[in-house]
Amino acid sequence: MEEQETNELREVRLQKLHKIRDSKIDPYPAKSQKSVTNSQVLDKFGEWSEKNKAISVAGRLMSKREHGGLIFAEIRDFSADLQILIKQDHISGKDWEFFSELVDIGDFISAKGTLFLTKREEKTLLVDKVTLLSKSLRPLPEKWHGLQDTEARFRQRYLDMLMNKEVKDRFVVRHELTQAIRNFLLKAKYIEVDTPALQPLPGGALATPFVTYYEAMDTNVYLRIAPELYLKRLIVGGYEKVFEFARVFRNEGMSSQHLQDFTMLEFYEAYCDYEKLMKFTEKMLTTVIKQVFGDLKTKWGDGEINWSAPWPKKSFRELILEHTDIDINKYAQADDLQKAITDKGINLTFKGFAGCGKLIDELYKEKVRPHLKDPIFLVDHPLDLSPLAKKKVKDPKTVQRFQLVVAGMEIVNAFSELNDPIDQAERFEDQAKQKEAGDRDAHTADDDFVKALEYGMPPTAGFGMGMDRLV
């Protein structure tokens, strides 16, 4: 029924389009007049209205209300909404007829005129001249907030942004956070780089890749799951601080925390370890969040996240023991740990092959992580979950790694990078065995990366953050 109504309204607008063209008016002109933005009009209203300054605005028509010889309308550009008034006795009869009969909500227009306050003290542009810039053929949704079809919202993201200010603002926040982080890293003397998105082997993360075929080379290639191994090759090549905002691709389920393609910030610093990087991470994020939001408390659901430092550090063992009463240090074998989990009456939703480290990770993800709201550093990860991280000297079953967890989500993953080529080759072999046993997300062995390490890589710490989750 809704689609039929839309088609009928589209047909009416098509008829108007034909009338516009018959009148020798271009409904889609290339040139337009826009001397100021709507937000500038609102900011400078007092000064410009007093001087009777003529201005030109342009944007999408969002409302249109006719009262006798008056038409009040609202025009929206990227910066703000502005009320305009068209008076029948103030413009030509031709322009009045054109705007009244042939211009619809959703059309793009430009309006030239002067500013005044209405009796209700609304800042308004009194229009001297109006011009059609783009004729819309489909009516805008009336109540986009009430739309229950989430898939439709995401397929027509442009309408979601147009009708839902919170969504549009979120994209602006994303831009501001990205630029603030970039400036922070540049100030810290990092160099921004680009690494290959098509790779002969998928590496740098535990994830299932997308595969495609490269005809010129007669071989399969993979969309990257992370830029990590190429960024570390740059460290081998003599760079000491590099970063990249990389589009990455992972062939896994879709949820509020997982997308098939998303933006990953990764950076690497030579002569640095994970403990130093933890302090740098805390400083960077508190700085940019304060800069973008003006506060270290940000809205989250019905509450807020408090980003104030210092952030606590907790180990897998501490958190799992606290939330499940299972001491993971007592179990060296996956079967024994699985029995302990079952004995506690815990049913994990994860299915498939799982070694001891994988079981610990799934237990943490399902029973612990959802309860973590304010920023917390998770440390002491099992060795087999971290094939690219250095072992801890005093506890070689764990690695020098941290994750920043906020609002039940992993935001940052970072560690002291493994630079021992023999150790790296052995871990790749172990990951290959896990892949053969059925773990689709196990790491692919990369002989060329091992060869690069054999030329020598200095002590290095690496950082990865999902920008979409942060936003």
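Residues numbered from 1 in each chain as written. Predicted model: local features only at pLDDT ≥ 70, side-chain atom pairs only at ≥ 80, totals over all residues. Heavy atoms only, no water.

Peer 1: Explain the packing of aromatic side chains to me, please; I cannot follow it from the model alone.
Peer 2: Overall, the coordinates contain 10 aromatic pairs when judged by the stated rule. Aromatic side chains Y190 and F267 sit 5.3 Å apart centroid to centroid with 70 degrees between the ring planes, which places their arrangement in the edge-to-face category. Note that Y190 is positioned in the loop between α7 (165–187) and β6 (191–192) and F267 in strand β11 (residues 261–270), a separation of 77 residues in sequence. Like F267, Y190 is buried. Relative to F280, the ring of Y190 lies with its centre 5.9 Å away and its plane at 40 degrees, an arrangement referred to as tilted. Of this pair, Y190 sits in the loop between α7 and β6 while F280 sits in helix α9 (residues 274–293); the two residues are 90 residues apart in sequence, bridging distant segments of the chain. Each member of the pair, Y190 as well as F280, carries the same accessibility label: buried. (Phe/Tyr/Trp six-rings, centres within 6.5 Å; stacked < 30°, edge-to-face > 60°. Helix = DSSP H or I, 4+ residues; strand = E, 2+ residues; numbered from the N terminus. Buried < 20%, exposed > 50% of the residue type's maximum accessible area, 1.4 Å probe, protein only.)

Peer 1: Can you help me understand unusual backbone geometry in this one?
Peer 2: What you tend to see is this: most non-glycine residues have negative phi, and most peptide bonds are trans. Residue A309 is joined to P310 through a cis peptide bond whose omega torsion reads 0 degrees. The phi dihedral of K24 falls on the positive side, at around 65 degrees, and the residue is not glycine. You will see that D218, though not glycine, has its phi angle at about 50 degrees, which is positive. Looking at the element boundaries, D218 is found in the loop between β8 (211–214) and β9 (219–223). Residue D218 is classed as exposed on the basis of its relative accessible area of 57%.

Peer 1: What should I look at first to understand the sheet that holds β8 in this one?
Peer 2: Sheet strands line up and pair through hydrogen bonds in the backbone, either parallel or antiparallel. Taken together, 3 strands build an open sheet; the order of strands is β7-β9-β8 and the sheet is antiparallel. Sheet topology places β7 (198–199) and β8 at the edges, where each strand pairs with a single neighbour. Pairing analysis gives 2 bridges linking β7 to β9, with the strands arranged antiparallel. Note on β9: the bridge partner recorded for Q199 is Y222. (Pairing = 2+ DSSP bridges.)

Peer 1: Help me understand the pattern of salt bridges, please; the structure alone is not making it clear to me.
Peer 2: A pair can form between side chains of opposite charge whenever their charged atoms are brought close. Applying the stated criterion to the full structure yields 28 salt bridges. D261 is the partner of R247 in a salt bridge, and the nearest nitrogen-oxygen pair spans 3.0 Å. Linking R247 in strand β10 (residues 241–249) with D261 in strand β11, this pair joins segments that are 14 residues apart in sequence. The partner of R317 in a salt bridge is D327, and the shortest N-O contact between them spans 2.8 Å. Here D327 lies in the loop between α10 (316–324) and α11 (334–343) and R317 lies in helix α10, a separation of 10 residues in the sequence. For R317, a relative accessible area of 32% gives the class partly exposed. (Salt bridge = Lys/Arg side-chain N within 4 Å of Asp/Glu carboxyl O.)

Peer 1: Honestly, the side chain of D77 in this entry has me stumped. Any pointers?
Peer 2: Among the secondary structure elements, D77 is positioned in the loop between β2 (70–76) and β3 (81–87). Looking at D77, the relative accessible area reads 8%, which means it is buried. A distance of 2.7 Å separates the side chain of D77 from the side chain of S79, its partner in a polar contact. A polar atom in the side chain of D77 sits 3.0 Å from the backbone nitrogen of A80. Those residues in contact with D77, other than ones at most four positions away along the chain, are K34, T37, N38 and A58. (Polar contact = N/O pair within 3.5 Å; in protein donor to acceptor, adjacent residues only side chain to side chain. Contact = heavy atoms within 4.5 Å.)

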